[in-house]
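Single-letter residue listing:
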Amino acid sequence: MKAFTVAAAFFSLLLPPALPAQTLSGVLDSRMALSAGAGSAPAFSWGFEEAANIRLQARVQDKAVFYGAVNLIAGAGSFAGASLAQAASAQALFGQAVPGQAASGQTLLPLSAFVAGENYAAALELERLYVRLRGEALGMDLGLMRIALGYGQIWGSSDFLNPRNPLSPHARPRAALGGVFSLFPGGDIKLQAFAVSPQNPFALNGGGLVFGAAGENHWERLSVQALYAYELPRQGPPAGNASGLHRFGLSLKADAEAGLVADALLVWNPDRAFTIEGLSAGAGFDYSFLGGSCYVIAEYLFNGGDSSTAGIRRQGFEANRNYLYALFRYRLDDYTSASLACVASLDDLSFTPILAFDCDLFQGLSLSLSAQVPLDGSLFGAGGKGEMGPEAGGSYASLTSMLTLKF
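Fair warning: this is a prediction, and the values are worked out from it, not measured in the lab. (Residues numbered from 1 in each chain as written. Predicted model: local features only at pLDDT ≥ 70, side-chain atom pairs only at ≥ 80, totals over all residues. Heavy atoms only, no water.)

Colleague: What should I look at first to understand the overall build of the protein chain in this one?
Modeller: Helix and strand counts for the protein chain come out as three helices and 19 strands. For the protein chain, the proportion of its 407 residues judged to be buried stands at 38%. For the protein chain, contacts bridging at least 24 residues in sequence account for 53% of all contacts bridging at least 6. Carbon and sulfur atoms form 63% of the exposed surface of the protein chain, whose accessible area is close to 21,300 Å². (Helix = DSSP H or I, 4+ residues; strand = E, 2+ residues; numbered from the N terminus. Buried < 20%, exposed > 50% of the residue type's maximum accessible area, 1.4 Å probe, protein only. Contact = heavy atoms within 4.5 Å. Areas by Shrake-Rupley, 256 points an atom, 1.4 Å probe, with all protein chains shown as cover.)

Colleague: In this structure, what is going on with a nonpolar patch on the surface? I would like to understand it.
Modeller: A contiguous nonpolar patch, built from Met 32, Leu 34, Phe 44, Trp 46, Phe 48 and Leu 399 and spanning about 610 Å² of accessible area, is present on the exposed surface. At the level of secondary structure, the elements contributing two or more residues to the nonpolar patch comprise β1 (22-37) and β2 (44-60). If you tally residues by element for the nonpolar patch, the top one is β2, at three residues. By the secondary structure assignment, Leu 34 is in strand β1. (Patch = residues over 30% accessible without salt bridge, like charges linked within 9 Å, V, L, I, M, F, W, Y side chains within 5 Å. Salt bridge = Lys/Arg side-chain N within 4 Å of Asp/Glu carboxyl O.)

Colleague: So what exactly am I meant to see when it comes to the layout of surface pockets here?
Modeller: Where empty space is left in the structure can be found by rolling a water-sized probe over the atoms. A volume near 280 Å³ is recorded for the second largest pocket. Taken together, 17 residues line the second largest pocket, and the ones lying closest to its centre are Arg 146, Ile 147, Ala 148, Lys 190 and Gln 192. Listing elements by their share of the lining of the second largest pocket, those giving two or more residues are β5 (121-134), β6 (138-145) and β8 (189-196). Here the residues of the lining of the second largest pocket are counted per class, giving eight nonpolar, three polar and six charged. (1 Å grid on protein atoms, 1.4 Å probe; cavity = no way out; pocket = protein on both sides within 12 Å on 5 of 7 lines; lining within 4 Å. Points joined across faces, edges and corners; volume = space filled by probe spheres on them. Nonpolar A, V, L, I, M, F, W, Y, C, P; charged D, E, K, R; others polar.)

Colleague: Looking at this model, I keep getting lost on the confidence of the model for the protein chain. Mind explaining?
Modeller: Caution is warranted with low-pLDDT regions, since their predicted coordinates should not be read in detail. Averaged over every residue, the pLDDT of the protein chain is 84; residues scoring 70 or more account for 82%. Confidence drops under a pLDDT of 50 for residues 15-19, and excluding neighbours within four residues, the segment shows six contacts in the predicted structure. Here residues 96-111 is modelled with pLDDT under 50, and outside its nearest four sequence neighbours on either side it reaches 20 contacts, counting other chains as well. (pLDDT = per-residue confidence, 0-100.)

Colleague: In this structure, what is going on with the pattern of salt bridges? I would like to understand it.
Modeller: When their charged atoms lie close together, side chains carrying opposite charge are able to pair. As enumerated under the stated definition, the model contains eleven salt bridges in all. Measuring nitrogen to oxygen at the nearest pair gives 2.5 Å for the salt bridge that ties Arg 172 to Glu 127. In this pair, Arg 172 sits in the loop between β6 and β7 (176-186) while Glu 127 sits in strand β5, placing the two residues 45 residues apart along the sequence. Its salt-bridge partner being Glu 231, residue Arg 247 comes within 3.1 Å of it at the nearest N-O pair. Of this pair, Arg 247 sits in strand β11 (residues 245-255) while Glu 231 sits in strand β10 (residues 222-231), and the two are 16 residues apart along the sequence. Considered together, Arg 247 and Glu 231 belong to a single accessibility category, that of buried residues.

Colleague: What is the right way to read the packing of aromatic side chains from this model?
Modeller: Within the structure shown, the criterion is met by four aromatic pairs. Taken together, a centroid distance of 5.2 Å and an interplanar angle of 45° make the contact between Tyr 228 and Phe 248 tilted. Of this pair, Tyr 228 sits in strand β10 while Phe 248 is found in strand β11, placing the two residues 20 residues apart along the sequence. Among the residues examined, Tyr 228 registers a relative accessible area of 32% and is labelled partly exposed. (Phe/Tyr/Trp six-rings, centres within 6.5 Å; stacked < 30°, edge-to-face > 60°.)

Colleague: Would you explain the pairing of β10 in this entry?
Modeller: Each regular strand displays side chains that alternate between the two surfaces of the sheet. Here β10 shows a clear split, with Ser 223, Gln 225, Leu 227, Ala 229 and Glu 231 buried on one side and none of Leu 222, Val 224, Ala 226, Tyr 228 and Tyr 230 buried on the other. Two elements, strand β9 (residues 210-218) and β10, share nine bridges in a ladder whose sense is antiparallel. In the strand pairing of β10, Phe 211 is matched with Tyr 230. In sequence, β9 turns back onto β10 through a hairpin of three residues. Bridge count between β10 and β11: ten bridges; the pairing is antiparallel. (Pairing = 2+ DSSP bridges.)

Colleague: Help me out: how do you make sense of unusual backbone geometry in this one?
Modeller: At Gln 61, a position not held by glycine, the phi torsion is positive, near 55°. A residue is classified by how much of its surface remains accessible, and Gln 61, at 63% relative accessible area, is exposed. Notably, Leu 290 is not glycine yet its phi reads approximately 55°, a positive angle. Assignment of secondary structure puts Leu 290 in the loop between β13 (279-289) and β14 (294-303).

Colleague: Just to check I follow, could you spell out the environment of Ala 310 for this structure?
Modeller: Structurally, Ala 310 can be placed in the loop between β14 and β15 (322-331). The spatial distance from the C-alpha of Ala 310 to the C-alpha of Arg 321 is 9.3 Å, given a sequence separation of eleven residues.

Next comes the structure, spelled out in structure tokens:
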């Protein structure tokens, strides 16, 4: 309730109370985690986190809508450690001093706005802040927002502005600061032009700015999207490039007996020889049967070493080229379901099964339990350590419970 009050006060400073059609809503997640550590991780670790996503929407006449969202987070144990590591990683990645840096070289506030209290660590993150203007044939979105690209459901090769990790299925899509201009020439055709600020927010010379265009069309059973994006040359960090980067993407979605999807993005760096290492390509399907009680989805990924699904932004999935995700979900009744998923590296034969149980306790309140057990040949004396194994993941097994309240 305190989080709700703080967020309401925050948004009240942004908008006058006279604006019509205001909507305040949100999600509160209460998570607890236990883990049996592997490698250099502690033999046992625990974590507790309370995270609220508070959203505001305000409509102005019939042409404009304001959207805002903040994340209020308090965590302890492994969740606090993860936040501290993320802050340190951002500081090391960009290597920039920020306002408030102490004389010793230590920043008073890390880049992630992570602050440690006496028995918890807290963070306030601005997640969305943008305006959407819509006309009959033209549209414009400006601000901090989600810019979705491609139809990939699991790996998201074309969605290079928001790298995904299937090991974290509850993670919300990240936002990008920029603008999107949309044109609707007729039928189901949509054309877009977009511009996004550099990955390094302290870049002053414009290096790393991304400009792109995308076009898509929807038929009765087929949807196609093509995109091109150019990133201006930058010196770094992270790794710089003298001639900029070109990205070419193609994504298809078909509605047959099963849902089919193919998604690919090619990254070309003119400073290097042209190789397949710049390609990220995924293909898969999803299918429901037995009256919707059973659902299965599978998606393969080819992951080039210089592609959109590799490298430091993904924080994993770097060592190998071929990955597979598969999930089977069974609905026990209208309120309860159980699922078994697996993320596998086909090159080193390591994989992480994910067992989950979800239940709607009542409207607006749900409970989920999930367990991950990283496995590779080292556990059975039959092979080396794999990317999806316990040594790389730092855990032999982990259990997470999450209570979600929607309001």
